[in-house]
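# Examination of the molecular architecture
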Amino acid sequence: MASMEQAKSLHELEERAVTACMRQRGFSYREVPAARIVAANPYGLLTEAQAARDGYGLTVDLLAGLPDDPNAQLLTRLDAGRRAAWRHALTGTSKHERTLSAPDSPDLLIHTDGCVYWGRRTLYGSEWEQAELTVAGLTARVINRVLTDPGFRGVQQAWAGCLRAKGESFTTLQAARGTIQNAANKAGSNRVALQAVGRRELQLAERDAACQRQSDLAEAVRTAQKRVEAALPASTRRQAAKLADLRRQALSSAM
């Protein structure tokens, strides 16, 4: 998995490649800045510092609102036909549609004639989308096996007991985070309601993180993941290494 710094750099490189592609097709394009990246963990692990600053990272962006699209003003200066052509150039058309599949991943629909596709292809190579989809499925499989690992589940019970002592009754990390997500979804665009959800998020996340530290949950995840990954066929490990290599090559090409 790419670090937050790498993810930001890769996003900038992708946008640069998209800009070059659009220019070749006769269109202006303004690079879209990377969204604020929160250090999310697929298991729901978080540190006390993260919890105090962002909670689970769910309501802070909703309260901030969507960032302005730097291309919105550019599009207002185009007539309807030119706007449609701009969008087709960027994202492609159904005439050049492909569906990619991989175990444990939802199918991915791509348009191979758009600059989004060609920008990524220029940066990472022609095997990127399939490699990324395959590894996403592999990652989901590993996470599911970790969450059902007896060693992890035993430590998660200790975490749940710690939370009960703090007045919170959750049996899994996903349930704790999920209650905030559900409340945020229910609040919708109601800013006052979202602010209340945000306060509750910080409170719960801080208690959650303290109990994670007390029960040493992060170590339980590391131990279980090593056990799960060691049981994987060598071919699956090679697929993950291939994706990491494509990222490294993209980053080094920009230096």
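Presented here is a report on the structure given in the accompanying data block. (Residues numbered from 1 in each chain as written. Predicted model: local features only at pLDDT ≥ 70, side-chain atom pairs only at ≥ 80, totals over all residues. Heavy atoms only, no water.)

## A short note on the pattern of salt bridges
Put simply, the test is: Should a side-chain nitrogen of Lys or Arg be within 4 Å of a carboxyl oxygen of Asp or Glu, the pair is scored as a salt bridge. Summary of the burial criterion: residues with accessible area below 20% of their type's maximum are buried, those above 50% are exposed, and those between are partly exposed, where the area comes from a 1.4 Å probe applied to protein chains only.
Under the criterion given, the structure shown has 13 salt bridges. For Arg53, the salt bridge is made with Asp54, and the minimal N-O distance between the two is 3.2 Å. Accessibility expressed as a relative area gives 55% for Arg53, which makes it exposed. Beyond isolated ion pairs, a larger network of salt bridges with shared partners links Glu14, Arg120, Glu129 and Glu132.

## Thoughts on the state of the cysteines
Just so we agree on the cut-off: A pair of cysteine sulfur atoms is labelled a disulfide when the two atoms are within 2.5 Å. In DSSP terms, a helix is any run of H or I states spanning at least four residues, a strand is any run of E spanning at least two, and both are numbered starting from the N terminus.
Under the definition given, this model contains two disulfides. A sulfur-sulfur distance of 2.1 Å marks the disulfide that ties Cys21 to Cys115. One disulfide, between Cys21 and Cys115, carries an S-S torsion of -75° and so falls in the left-handed class. With a gap of 94 residues between them, Cys21 in helix α1 (residues 4–24) and Cys115 in helix α6 (residues 115–124) connect regions that are remote in the sequence. By the burial criterion, Cys21 is buried, and Cys115 matches it. Each sulfur of the disulfide joining Cys162 and Cys211 lies 2.1 Å from the other. Note on the Cys162 and Cys211 pair: the S-S dihedral is about -75°, so by sign convention the disulfide is left-handed. Linking Cys162 in helix α8 (residues 150–165) with Cys211 in helix α10 (residues 191–215), this pair joins segments that are 49 residues apart in sequence. According to the relative accessible area criterion, Cys162 is buried, its value standing at 10%. The exposure class assigned to Cys211 is buried, which follows from its relative accessible area of 0%. Sequential numbering of the bridged cysteines in the chain gives the disulfide pattern 1-2, 3-4.

## Observations regarding the pairing of strand β1 (residues 97–102)
Put simply, the rule reads: Whether two strands pair comes down to DSSP finding at least two bridges between them.
Sheet topology places β1 next to strand β2 (residues 105–111); five bridges connect them, and they run antiparallel. In the strand pairing of β2, Glu97 is matched with His111. Linking β1 back to β2 in an antiparallel pair, the connection comprises two residues, with Asp104 at a positive phi of about 65°.

## Side note on the nonpolar core
The nonpolar side chains of a soluble globular protein tend to be buried with one another. Basically, it comes down to this: In this text, buried Ala, Val, Leu, Ile, Met, Phe, Trp, Tyr and Cys residues form a nonpolar core when linked through side-chain atoms within 4.5 Å.
Ranked by size, the top nonpolar core spans 32 residues in total, and within it Tyr43, Tyr56, Val142 and Trp159 carry the most contacts. When residues of this core are traced back to their parent elements, those giving at least two are α7 (128–147), α8, α9 (173–187), α10 and α11 (217–230). For this core, the element with the highest residue contribution is α10, accounting for six residues.

## Considerations on the packing of aromatic side chains
For the record, the criterion: Stacked, edge-to-face and tilted are the three classes for Phe, Tyr and Trp ring pairs, Trp counted by its six-membered ring, which pair at centre distances within 6.5 Å; planes under 30 degrees apart are stacked, over 60 edge-to-face, the rest tilted.
The final tally for this structure, using the stated rule, is three aromatic pairs. Measuring from ring centre to ring centre gives 5.8 Å for Tyr117 and Trp118, while their planes differ by 85°; the resulting arrangement is edge-to-face. With centroids separated by 3.8 Å and ring planes inclined at 15°, the aromatic side chains of Tyr124 and Trp128 adopt a geometry described as stacked. You can call Tyr124 buried: its relative accessible area is 6%. By relative accessible area, which is 2% here, Trp128 ends up buried.

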